Structure formats: structure tokens, C-alpha cells
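Letter by letter, the chains look like this.
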Amino acid sequence: MKMFLAMIVGLIGGFILGIALSSFIGVIGITVFGQAVGIKFLPYYTSLVCAVALPVIEYKRG
């Protein structure tokens, strides 16, 4: 149950992190290059990475 909860928190937190990171990359891209730059589906990628990484970190921590 604890691992499942860590996976859900990782999915939600990773998605929010991906949105923030995507916005930051977009603002930097517009500032530097004058056009929108970014990674397509970045919030989905970060949510999957965090959904795997957070349970692994939680398992190793104890």
C-alpha cells in the first residue's frame, strides 16, 4: 500500500513538475530564440519518471 501511494504521489507531483518545467523552457525559448521551444508531452514523461523514481527512493530509505 505504501508503494502504491508513493507511485500515485509520484504521478501527480511529476505531472505538476513537468508543467512547470515546460513553462520555464518555453519562457527561456521565447526570450533567447524569439519563438516557442519545448519538449512535446514533457509533463507525461516527468510523471512516469517520478512514478518510478519515488517508490524506488522510498524503498531504499526504509
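Numbers given for residues are sequential positions, taken from 1 along each chain in its written order. Reporting of local features is limited, given that this is a predicted model, to residues whose pLDDT is at least 70; pairs of side-chain atoms are given and counted only at 80 or more, and all residues count toward the totals for whole chains, interfaces and linings. To obtain the side-chain values, all non-hydrogen atoms of the structure were used and water was disregarded.

K.L.:
What's the story with helix 2 (residues 42-61) in this structure? I'm lost.
P.N.:
Residues lying three or four places apart along an α-helix face the same way, a consequence of the helix completing one turn every 3.6 residues. Given a rise of 1.5 Å per residue, 20 residues ought to cover 28 Å, and the 28 Å separating the end C-alpha atoms of helix 2 matches this to within 8%. Only heavy atoms matter for contacts: two residues are in contact if any of them lie within 4.5 Å across the pair. Counting from the N terminus, the helices are the DSSP runs of H or I reaching at least four residues and the strands are the DSSP runs of E reaching at least two. In this structure, the buried side of helix 2 is in contact with helix 1 (2-33). Gly62 sits one or two positions beyond helix 2 and adopts a positive phi of about 140 degrees. For a helix, the expected span equals 1.5 Å multiplied by the residue count minus one.

K.L.:
Mind showing me how you'd approach unusual backbone geometry here?
P.N.:
For residues that are not glycine, phi is negative in most cases, and the peptide bond is trans in most cases. The backbone of Phe41 shows a phi angle near 65 degrees, a positive value even though the residue is not glycine. Counting through the fold element by element, Phe41 comes out in the loop between helix 1 and helix 2. Throughout, exposure labels follow a simple rule: accessible area from a 1.4 Å probe, protein chains only, divided by the maximum for the residue type, with under 20% read as buried, over 50% as exposed, and the rest as partly exposed. For Phe41, a relative accessible area of 45% puts it in the partly exposed group.

K.L.:
Just checking my understanding: could you explain the pattern of salt bridges for this structure?
P.N.:
Pairing between side chains of opposite charge can happen when the charged atoms of each approach one another. A carboxyl oxygen of Asp or Glu within 4 Å of a side-chain nitrogen of Lys or Arg is what we treat as a salt bridge. A complete count under the given rule lists two salt bridges for this structure. The salt bridge partner of Lys2 is Glu58, with a shortest N-O separation of 3.5 Å. Placement of Lys2 in helix 1 and of Glu58 in helix 2 is noted, with a sequence separation of 56 residues between them. Relative accessible area serves as the criterion here: at 54%, Lys2 is assigned to the exposed category. Ionic pairing is found between Arg61 and Glu58, a salt bridge with its closest N-O pair at 3.7 Å. Of the two residues, Arg61 and Glu58 are both situated in helix 2; the distance of three residues between them amounts to about one turn of the helix. By relative accessible area, Arg61 is classed as exposed at 68%. Each of Lys2, Glu58 and Arg61 takes part in salt bridges that share partners, so that together they form one network.

K.L.:
Can you walk me through helix 1 in this structure?
P.N.:
Helix length check: helix 1, at 32 residues, gives a terminal C-alpha distance of 45 Å against a target of 46 Å (1.5 Å per residue), a fit within 8%. All of the buried residues along helix 1 are Ala6, Gly10, Gly14, Gly18, Gly26 and Gly29. Packing partners of the buried residues in helix 1 comprise helix 2.

K.L.:
Teacher, can you tell me more about the packing of aromatic side chains here?
P.N.:
Any pair of aromatic rings gets described here by the distance separating the centres and the angle formed by the planes. In this scheme Phe, Tyr and Trp rings, the latter by its six-membered ring, pair at centre separations within 6.5 Å, and the angle between planes marks the pair as stacked below 30 degrees, edge-to-face above 60, and tilted otherwise. In this structure the tally under the stated criterion is two aromatic pairs. For the ring pair Phe15 and Tyr44, a centre distance of 5.6 Å and an interplane angle of 55 degrees mean the geometry is tilted. Of this pair, Phe15 sits in helix 1 while Tyr44 sits in helix 2, and the two are 29 residues apart along the sequence. Aromatic side chains Phe41 and Tyr44 sit 6.1 Å apart centroid to centroid with 50 degrees between the ring planes, which places their arrangement in the tilted category. Aromatic ring contacts, followed pair by pair, group Phe15, Phe41 and Tyr44 into a single cluster.

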